[in-house]
Amino acid sequence: MVKILHAADFHLDSPFAGLTSEQARARRREGRENIARLANYANAGHVDLVLLAGDLFDSGEIYRQTAETLAKALGTVEGRVFIAPGNHDYWDEKGPYAQVNWPENVHIFKSDALEAVELPELNCVVHGAAFTAPECTDNLFGGFRAEEDGRIHIMVLHGDLDGNAHRYNSFSKAEVAESGLDYLALGHVHAFSGINRLWRTTWAYPGCPEGRGFDECGRRGILVGTVDKGEADVHFVSFARRKYEIRTVDVTGREALEALETQLPPGGTAADLYRVVFTGETAAGVDLEAVRAVAAERFYHLELRDETRLTRDLWQRAGEESLTGLFLRGLLRRREAAADEAERLRIDRAARFGLAALEKREL
Ligand SMILES: [Mn+2]
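Residues numbered from 1 in each chain as written. Predicted model: local features only at pLDDT ≥ 70, side-chain atom pairs only at ≥ 80, totals over all residues. Heavy atoms only, no water.

Quick look at the sheet that holds strand S16 (residues 273-279)
One open sheet holds the three strands; their spatial order is S15-S16-S18, and the pairing between them is parallel. Single-partner strands in this sheet number two, and they are strand S15 (244-250) and strand S18 (301-306). For this sheet, the mean angle separating the axes of adjacent strands, direction not counted, is 15°. Relative to S16, S15 runs parallel, the two sharing seven bridges. Counted as the bridge partner of glutamate 245 is tyrosine 274 from S16. Strand contacts of helix H5 (residues 288-295): S16 and S18, with the helix running at about 155° to S18, the strand carrying the most contacts. (Pairing = 2+ DSSP bridges. Helix = DSSP H or I, 4+ residues; strand = E, 2+ residues; numbered from the N terminus. Axes fitted to C-alpha atoms, helices over the stretch in contact; angles between N-to-C directions. Contact = heavy atoms within 4.5 Å.)

Comments concerning the packing of helix H1 (residues 21-44) against helix H2 (residues 64-75)
Two elements in contact, H1 and H2, have axes whose closest approach is 9 Å; the angle formed by their N-to-C orientations is 10°. One finds that H1 runs roughly parallel with respect to H2. Taking contact as the criterion, the partners of Arg32, Ile35, Ala36 and Ala39 in H1 are, on H2, Thr66, Thr69, Leu70, Ala73 and Leu74. Counted by class, the contact of H1 with H2 contains six nonpolar, two polar and one charged residues. (Parallel < 35°, antiparallel > 145°, perpendicular 65-115°, else oblique. Nonpolar A, V, L, I, M, F, W, Y, C, P; charged D, E, K, R; others polar.)

Digging into the environment of alanine 296
Position of alanine 296 among the secondary structure elements: in the loop between H5 and S18. Each C-alpha atom of the pair alanine 296 and alanine 270 lies 9.4 Å from the other, and the pair is 26 residues apart in sequence. Residues contacting alanine 296, with those up to four places away along its chain left out, are Val291 and Leu302.

So, the packing of aromatic side chains
What the rule picks out here adds up to ten aromatic pairs. Ring centres of tyrosine 41 and phenylalanine 239 lie 6.2 Å apart, and the angle between their planes is 80°; this geometry places the pair in the edge-to-face category. A residue pair is termed long-range when its members are at least 10 positions apart, and tyrosine 41 in helix H1 and phenylalanine 239 in the loop between strand S14 (231-238) and S15 qualify at 198 residues. Since its relative accessible area comes to 4%, phenylalanine 239 is described here as buried. Taken together, a centroid distance of 6.1 Å and an interplanar angle of 25° make the contact between phenylalanine 82 and phenylalanine 109 stacked. With phenylalanine 82 in strand S3 (residues 80-83) and phenylalanine 109 in the loop between strand S4 (106-108) and strand S5 (115-119), this residue pair connects regions lying 27 residues apart in the sequence. A residue is classified by how much of its surface remains accessible, and phenylalanine 109, at 0% relative accessible area, is buried. Aromatic ring contacts, followed pair by pair, group Phe57, Tyr97 and Trp102 into a single cluster. A cation over a ring is seen here: arginine 37 above phenylalanine 239, with NZ or CZ 4.1 Å from the ring centre. (Phe/Tyr/Trp six-rings, centres within 6.5 Å; stacked < 30°, edge-to-face > 60°. Buried < 20%, exposed > 50% of the residue type's maximum accessible area, 1.4 Å probe, protein only. Lys NZ or Arg CZ within 6 Å of the ring centre and 35° of its normal.)

Observations concerning H1
An ideal rise of 1.5 Å per residue puts 34 Å on 24 residues; H1 measures up with 34 Å between its terminal C-alpha atoms. Trailing H1 by a residue or two, histidine 46 shows a phi angle of about 50°, which is positive. (Expected span 1.5 Å × (residues − 1).)

Considering unusual backbone geometry
Although it is not a glycine, phenylalanine 16 sits at a positive phi angle of roughly 50°. Residue placement: phenylalanine 16 occurs in the loop between strand S1 (2-7) and H1. Phi angles above zero are rare outside glycine, and tryptophan 199 is one such case at about 55°. Tracing the backbone through its elements, the reader meets tryptophan 199 in the loop between strand S11 (196-198) and strand S12 (201-204).

Brief notes about the environment of alanine 357
Position of alanine 357 among the secondary structure elements: in helix H8 (residues 341-362). Owing to a relative accessible area of 45%, alanine 357 belongs among the partly exposed residues under this scheme. Along the chain, alanine 357 and glutamate 320 lie 37 residues apart, while their C-alpha atoms are 17 Å from each other.

A short note on the nonpolar core
Nonpolar side chains in soluble globular proteins tend to be buried together. If you look at the biggest cluster of nonpolar residues, it comprises 33 residues, and the most contacted ones within it are Leu5, Leu38, Val50, Leu52, Leu74, Ile83 and Trp102. Breaking this core down by element, the ones donating at least two residues are S1, H1, strand S2 (49-52), H2, S3, S4 and strand S13 (221-228). If we ignore the near neighbours within four places in the chain, the residues touching leucine 52 are Ala7, Phe10, Leu38, Leu74, Val81, Phe82, Ile83, Ala84 and Val156. Phe82, Leu122, Ile154 and Val227 belong to the second largest nonpolar core, which has 24 residues in total. (Core = buried A, V, L, I, M, F, W, Y, C linked by side-chain atoms within 4.5 Å.)

What about the side chain of arginine 242?
Its place among the elements puts arginine 242 in the loop between S14 and S15. Residue classification places arginine 242 among the buried positions, given a relative accessible area of 12%. A distance of 2.8 Å separates the side chain of arginine 242 from the side chain of glutamate 30, its partner in a polar contact. In this structure, arginine 242 is in contact with Arg27, Glu30, Glu210, Ala270, Ala271, Asp272, Leu273 and Tyr300, ignoring residues within four places of it in sequence. (Polar contact = N/O pair within 3.5 Å; in protein donor to acceptor, adjacent residues only side chain to side chain.)

Focus on empty space enclosed by the protein
One pass over the full model with this rule turns up one cavity of 30 Å³ or more. What lines the largest cavity is a set of 13 residues, and nearest its centre among them are Phe10, Phe16, Arg27, Gly31 and Glu210. Across the lining of the largest cavity, the residue classes break down as three nonpolar, four polar and six charged. (1 Å grid on protein atoms, 1.4 Å probe; cavity = no way out; pocket = protein on both sides within 12 Å on 5 of 7 lines; lining within 4 Å. Points joined across faces, edges and corners; volume = space filled by probe spheres on them.)

Here it is as structure tokens:
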């Protein structure tokens, strides 16, 4: 039995567009610190193998110290570390992995042909391969069969299981089922896949351990557990320093701040990045600047959107024989013909501005 820790898709030195440059810098630093946290976590759990399935760096254009920081942190791991470079951090003689000296316990797969590393002390073999370019139209996995030799066979690989793009090492579930592997540690898909099984092979994508935008919301983490012949007992562990969350807040008949309050978790949001979308019906819309002035300090980062629609009784004024009625009738016709929700929201906004202007004129 071997104890493993499986992680992937750190995307260190991501640009973090959408944050201030100061926060983006802080988040990049936190990303690098995550590696040391990971090493400490592995040591505390007496992990034998740390399996890192690619996309550790976001690109070849990393900050100079990043590879050094990674090498130093992984050198403190008491077990062995295996890295299978992916499409963002593909192996290249001039690439980021080649810039530093790696400690002895770290093995980086450097070939786009599968390689086997034997670990007799663990009765285990770790297989792996590398992307050697930003795309890999070959199937690095296909045809692989683990020897039936009583040893535990594990593979760490970046790739697209059941993918149809064929640009990122696509391979099939049938191939995994035939592999005879005990555990397949994958990287590439950024959401946790769940722990899956195909015949005797357990496989999983851990997802990225730290969200980097509102397309990577919620709990993020790593996988830890044990692998034995024909069985793996692996589970997800939350690891992210900060979460991205999107909350939809209906403000119909309520103050925006009050409504927002009911949607927030009891544990607080000071460490997290939130996008709040106000919906429902209002006469005047939501004063986003007023909400921001009060609420912003309670979040690491707060984005606000007003997607409320005009209250129904205001649209009813379309029946009036007045300039307001005429104006609203015109918009209502366009609203009924609108192609999508976004266009309807734009028309609601136009109605609001128009009504405000008309009210001033009528005074
Ligand atoms: Mn990735």
